[in-house]
Amino acid sequence: MDQVNNKSICPYAFKAAMVTIDSSVRPCCRYQDHKSERPVVDTNNTLKDIFYNSSYYNDLRDKMLRGEQIPGCKRCYKEEEAGQKSMRNQSKLIAPSTDVQLEYIETESGRHCNLKCRSCGPEISTGWNEDLKQSDYLANEHEYIDRMEELNLFHYNDALELLTKEECSKLQILKVTGGEPFLSKSFLKFIDNLYQWDFCKNITIVIYTNTTFVPKIKFIKALEKFKSVSLQLSIDSVGKRNDFLRSGSDWKTVEQVADFWFNFKSENPKSVNVAICTTVSIFNILTLDQLFKWLIEKEKEHSIFIDIYFVVLQSPKYMAIFNFSKKHKEQIKQVISQIPGKPRQTSKLIKMLDNAVPTTISARKDLKDTTDHIDVIRSEDWKQVFPEVFKLIYG
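Residues numbered from 1 in each chain as written. Predicted model: local features only at pLDDT ≥ 70, side-chain atom pairs only at ≥ 80, totals over all residues. Heavy atoms only, no water.

*Asks:* Got a minute to help me understand empty space enclosed by the protein in this structure?
*Replies:* The gaps of empty space that remain are located by a probe, the size of a water molecule, rolled over the atoms. Counted according to the given criterion, the structure contains three cavities of 30 Å³ or more. By volume, the largest cavity amounts to about 140 Å³. The wall of the largest cavity is formed by 17 residues, among which Cys 10, Cys 28, Tyr 31, Cys 73 and Cys 76 lie closest to the centre. For the lining of the largest cavity, the secondary-structure elements that each account for two or more residues are helix H1 (12-15), helix H4 (74-81) and helix H5 (87-90). (1 Å grid on protein atoms, 1.4 Å probe; cavity = no way out; pocket = protein on both sides within 12 Å on 5 of 7 lines; lining within 4 Å. Points joined across faces, edges and corners; volume = space filled by probe spheres on them. Helix = DSSP H or I, 4+ residues; strand = E, 2+ residues; numbered from the N terminus.)

Shown next, in the form of structure tokens:
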């Protein structure tokens, strides 16, 4: 697979399927198309049929082989144009091959979640349901104003219970996001199926969890059967800042659950990796040093290496760090350039701030308007929790 001369071709189209919350399928989590265009896994349409035989996949592969630009791949194109590596050309999980074989499944476990994170929304969290029911402003903001009945749908991803032994026979990578996977009965059933089929030993599983509770022991035991396990703990800050950004969480509990997973890694050093996955937004960008400090303390406490991955928030646009003024971005760069201990991650953030193209001109106004509105509903006050951000933007 020539990804250097062919800027369109991508291994995900030939090796992967993402099964989204509503059981529709696309090549990867970043692929942008309309839901109505996607095939759906159901009792009459299997994932095998979709992946190997559908015009949706075969047309996409043909266009890539011809080197045609794919509109759904624009996020990766945009990153590459900015001088960054994209998911298309830096994946370590999928071999760069055009041989068509389903080796990688990514899935959203359903909307069921016990949190309502500021960086999230009702599309993938039931935690937001009550906020939207109380506010036409938020219902309109998230485009639910004319479809409020959908807040009762897709708590679980039904497609996961329809996946067959044959469809999973070549599976090498399973990546699971939420909602919250460990609250999803469909995901837990799928894990049990893989265990019963004796496939776990062939599979690397990557799970994104909100670190608010420890799963039942039977699922911990099932994880131990996988070839390898990568647990991505979604933690965006420390203390009250994390509780604000990840509303519904309690920092004391988050620490206890994180310690459980760090111990799990210590007990299974060859097969288990645990990392922190942080969504970087205007709220936490100025205090990442506190998260790094906590992480270093945990590394010493557990005598393990703990990596941290930054996911730079794209939406909501008013929280995206690259959507603020050049003056604000220069001040942000000055702050994060002084963070000790993790220069690789901070240098990437600085490079992104230098190269990313803004996607809105109203972030400063929208940040205050929308955040103030959510604060009223939730009885919170972002100005008290993040005084340094208020001073930076409005000071």
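*Asks:* Would you mind going over the sheet that holds strand S3 (residues 104-108) with me for this structure?
*Replies:* For sheets, the rule is that strands pair by backbone hydrogen bonds, running either parallel or antiparallel. Here we have eight strands laid out as an open sheet, ordered S2-S1-S3-S5-S6-S7-S9-S10, and mixed in their pairing. Of all the strands in the sheet, the pair left with one neighbour each is strand S2 (25-26) and strand S10 (307-312). Note: strand S5 (residues 173-177) against strand S6 (residues 204-209), four bridges, orientation parallel. Note that in S6 the partner of Val 176 across the bridge is Ile 207. Lying over the sheet, helix H8 (residues 185-196) contacts S5 and S6, oriented at roughly 165° with respect to S5. Contacting S6, strand S7 (228-234) and strand S9 (272-280), helix H11 (residues 251-267) runs over the sheet at an angle of about 145° to S9. (Pairing = 2+ DSSP bridges. Contact = heavy atoms within 4.5 Å. Axes fitted to C-alpha atoms, helices over the stretch in contact; angles between N-to-C directions.)

*Asks:* When you look at H4 in this model, what are you seeing that I'm missing?
*Replies:* An α-helix turns once per 3.6 residues; consequently, residues spaced three or four apart project the same way. All of the buried residues in H4 are Cys 76, Tyr 77, Glu 79 and Glu 80. The arc enclosing the buried residues of H4, seen along the axis, measures out at 165°, which places them on a common side. Every exposed residue of H4 that faces more than 90 degrees away from the buried side is listed here: Lys 74 and Glu 81. Next to the buried residues of H4 lie H5. (Buried < 20%, exposed > 50% of the residue type's maximum accessible area, 1.4 Å probe, protein only. Arc of directions from axis to C-beta.)

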